[in-house]
Amino acid sequence: MAVEVKVFRSWGNPFSYRVELALRLKGVAYEHIEEDLSNKSTLLLDYNPVHKKVPVLLHHGKPIAESLLILEYIEETWQENPILPKDPRERAVARFWCRFLDDKCLVALWMSCWTEGETQQNFMEQAKECLHLLEEELKGKKFFGGDSIGMVDIAASSIAHWLGVLEEVAGISLLDEEKYPNLCKWTEEFLKSDAVMECLPKRANLLALFQTRKQAISSVK
Amino acid sequence: MPLRVKAPRPLLPTEPISPPATKHRERSIWMAEGENKGLVLLDFWVSPFGQRCRIALAEKGVEYEYREENLRDKSPLLLKSNPVHKKIPVLIDHGRPVCESLNIVQYIDEKWPDRAPLLPADSYARAQARFWADLVDKKMYESGTKLWKLKGEAQEEAKKEFIEILKLLEGELGDKKYFGGDTFGLVDIALVPFTAWFYSYEACANLSAEKEAPKLVPWVKRCRERESVSKSLPDPLKVYEFVCFLKKVYGIE
């Protein structure tokens, strides 16, 4: 039987992970196609000619790009274990935080780990402000989605797993347990989920990947 | 359904940047009311993001109160309603705010699903609509702003970038009536407000959007024939006046 759902992904890429997690939470069988981001396949470039990036979801041969948009598509196509609330305003709030993560928070976190000096300090300040806002948003909740993992939790998965690795490689600390107890508790709860753990890249492999990248950057200077 | 909307008060370049102190006191009295009033849109007349919301509300025939914000002296209501970004537009629905323009448009579509659907029914088509609206969001404003903010080689680079985006959008529109096909929808709403800036881009950067993407011309005309669009979009000459005012503020010749 032909596999209906395929995911073009790169194993260490947190945006690709979002898509795989959502499919697993909904019990949707899929095939993943590994992409070498330094040598992208013709297929990927055909399916995502505008952005030329992973992830791309292929459903019945039709491609969808951009991880948050793929999550919306997955939510609308497979109704089991909803990842968005039913109420329009609560949906708007969830979408708001997903965008906040992509446009502000994750950028600041990422850049904090790859820059130096004053630039790094500025990014770290921004990152801490973003983490504080997320900390407030989590108050009284197990997950951003309430009692179960929702779209915002999926979008924030890089905070639960990738961030610790990046902090180690960069030699900095951002997710301080004293300052962000809700976020740290959320990380613990998030990582208890079977679906989350099934396709999470191994920490040791991520560490090696980012350390190699750091060395490559340092050697260019 | 009659649409009762307070007409926006245009912020002309000659108006003082800081409003008189009394305006804050008036607003603080309104705040308690405003929080529980039906629908309130916090907006700024020239903002293409605000215009998206106005168009969507008009398409659905929904009544709301329009409130013009002074972006150099933001109201307590705005700062309270959008504490994260402190930006317009914000749609306050019975005291509960919704922020970010495309978010607001989708909210409006989901809240009033019984009329003028802004997204197609089919999930794949919806994904495509969101993709192109997202692209407009990511590229149009930043790229367009560079056209009047930059000069020389940097401006030439910005022009190339902008033309690429226009051609991409033109390619996606093709020979369709609207981006979604026969029905006016999310992508049209996301993009059409920027067309009021085409005159400014031509004047500042010598870039004719009409020449670079001719297929967009009939689409712009078709959109402007809709009352929701013609009543929401500002006069391109007023936009240009505003751009000139901003250039003075930023010290750009």
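Looking at an unreviewed UniProt entry, chain B carries the name Probable glutathione S-transferase GSTU1, with the source organism given as Musa troglodytarum. For chain B, the Catalytic activity (unreviewed entry) comment in UniProt is given as "RX + glutathione = an S-substituted glutathione + a halide anion + H(+)". Quoted verbatim from the Sequence similarities (unreviewed entry) heading of the UniProt record, the comment on chain B is "Belongs to the GST superfamily."

The name given to chain A in an unreviewed UniProt entry is glutathione transferase, with the source organism recorded as Musa troglodytarum. The record held by UniProt for chain A lists under Catalytic activity (unreviewed entry) the comment "RX + glutathione = an S-substituted glutathione + a halide anion + H(+)".

> Sorry, what's going on with the overall build of chain A here?
Each helix and strand counted, chain A has eleven helices and four strands in total. Looking at chain A residue by residue over its 221 residues, the buried ones come to 53%. In chain A, the share of contacts with a sequence separation of at least 24, taken over all contacts with a separation of at least 6, comes to 70%. For chain A, the accessible area works out to roughly 10600 Å², and carbon and sulfur atoms hold 51% of it. Computed over 27 positive and 34 negative side-chain charges, the separation of the two mean positions in chain A equals 2 Å.

> Explain unusual backbone geometry here, please?
Note: most residues except glycine have negative phi, and most peptide bonds are trans. Of note, the bond from Val54 of chain A into Pro55 of chain A is cis; its omega dihedral lies within 30 degrees of zero at 0°. For Pro55 of chain A, the location among the structural elements is in the loop between α2 (42-47) and β3 (56-59). The omega angle of the peptide bond from Ile88 of chain B to Pro89 of chain B is -5°, so this bond is cis rather than trans. Topologically, Pro89 of chain B is positioned in the loop between α3 (76-81) and β3 (90-93). Of note, the phi angle at Ala116 of chain B is positive, near 35°, even though the residue is not glycine. Along the chain, Ala116 of chain B falls in the loop between α4 (101-111) and α5 (123-149). Here the phi dihedral of Asn206 of chain B falls at roughly 55°; this positive angle occurs in a residue that is not glycine.

> In this structure, what is going on with the nonpolar core? I would like to understand it.
Note on soluble globular proteins: their nonpolar side chains tend to be buried together. With 158 residues, the main nonpolar core has Leu23, Leu57, Ile159 and Trp186 of chain A together with Met140 and Trp219 of chain B as its most contacted residues. Counting residues per element, this core draws most heavily on helix α4 (residues 88-114) of chain A, which supplies 13 residues. The residues contacting Met140 of chain B, other than those within four sequence positions of it, are Leu135, Phe162, Ile165, Leu166, Leu169, Leu191, Phe194 and Phe198 of chain B.

> What's the story with the pattern of salt bridges in this structure? I'm lost.
A side chain of one charge can pair with a side chain of the opposite charge when the charged atoms of the two come close. Counted according to the given criterion, the structure contains 35 salt bridges over all chains. Across the pair Glu72 of chain A and Arg130 of chain B runs a salt bridge whose closest N-O atoms are separated by 3.7 Å. Taken as a pair, Glu72 of chain A in helix α3 (residues 67-77) and Arg130 of chain B in helix α5 lie in two separate chains rather than in one. Like Glu72 of chain A, the residue Arg130 of chain B is buried in the burial classification. As a salt-bridge pair, Lys215 of chain B and Asp175 of chain B come within 3.6 Å of each other at their nearest N and O atoms. One end of the pair, Lys215 of chain B, is in the loop between α9 (209-212) and α10 (216-224); the other, Asp175 of chain B, is in the loop between α6 (152-173) and α7 (186-191), and 40 residues separate them in sequence. Accessibility expressed as a relative area gives 40% for Lys215 of chain B, which makes it partly exposed. Residues participating in the shared-partner salt-bridge network are Glu72, Glu76, Arg91 and Arg95 of chain A together with Glu110, Arg126 and Arg130 of chain B.

> Any chance you could explain the state of the cysteines here in plain terms?
The full count for this structure, using the stated rule, is zero disulfides over all chains. Not part of a disulfide, Cys113 of chain A finds its nearest cysteine sulfur in Cys105 of chain A, a span of 11 Å. Lacking any disulfide linkage, Cys99 of chain B is separated from the closest cysteine sulfur, that of Cys53 of chain B, by 10 Å.

> I tried to follow a positive patch on the surface on my own but got confused; where do I start?
There is a patch of like positive charges on the surface, built from Lys40, Lys52 and Lys53 of chain A together with Lys139 of chain B. Position of Lys53 of chain A relative to the elements: it lies in the loop between α2 and β3.

> Please clarify how the sheet that holds strand β4 (residues 62-65) of chain A should be interpreted in this entry.
Paired through backbone hydrogen bonds, the strands of a sheet run either parallel or antiparallel to each other. Residue and element names in this part refer to chain A. The mixed open sheet is built from four strands, whose spatial order is β2-β1-β3-β4. Whereas interior strands pair on both sides, the edge strands pair on one side only; in this sheet they are β2 (31-34) and β4. Strand-to-strand twist across the sheet, computed as the mean angle between neighbouring axes with direction ignored, equals 25°. Looking at chain direction, β3 and β4 are connected through four bridges and run antiparallel. Each residue of the ladder has a partner; that of Leu57, found in β4, is Ile64. Where α3 meets the sheet, its contacts fall on β3 and β4, and the angle it forms with β3 comes to roughly 30°.

Basis of the calculations
- Residues numbered from 1 in each chain as written.
- Chains lettered and ligands numbered in written order.
- Predicted model: local features only at pLDDT ≥ 70, side-chain atom pairs only at ≥ 80, totals over all residues.
- Heavy atoms only, no water.
- UniProt positions renumbered as here; feature names shortened; annotations may be inferred.
- Helix = DSSP H or I, 4+ residues; strand = E, 2+ residues; numbered from the N terminus.
- Buried < 20%, exposed > 50% of the residue type's maximum accessible area, 1.4 Å probe, protein only.
- Contact = heavy atoms within 4.5 Å.
- Areas by Shrake-Rupley, 256 points an atom, 1.4 Å probe, with all protein chains shown as cover.
- Lys, Arg positive; Asp, Glu negative; His and termini not counted.
- Charge placed at Lys NZ, Arg CZ, Asp CG, Glu CD.
- Core = buried A, V, L, I, M, F, W, Y, C linked by side-chain atoms within 4.5 Å.
- Salt bridge = Lys/Arg side-chain N within 4 Å of Asp/Glu carboxyl O.
- Disulfide = S-S within 2.5 Å.
- Patch = residues over 30% accessible without salt bridge, like charges linked within 9 Å, V, L, I, M, F, W, Y side chains within 5 Å.
- Pairing = 2+ DSSP bridges.
- Axes fitted to C-alpha atoms, helices over the stretch in contact; angles between N-to-C directions.

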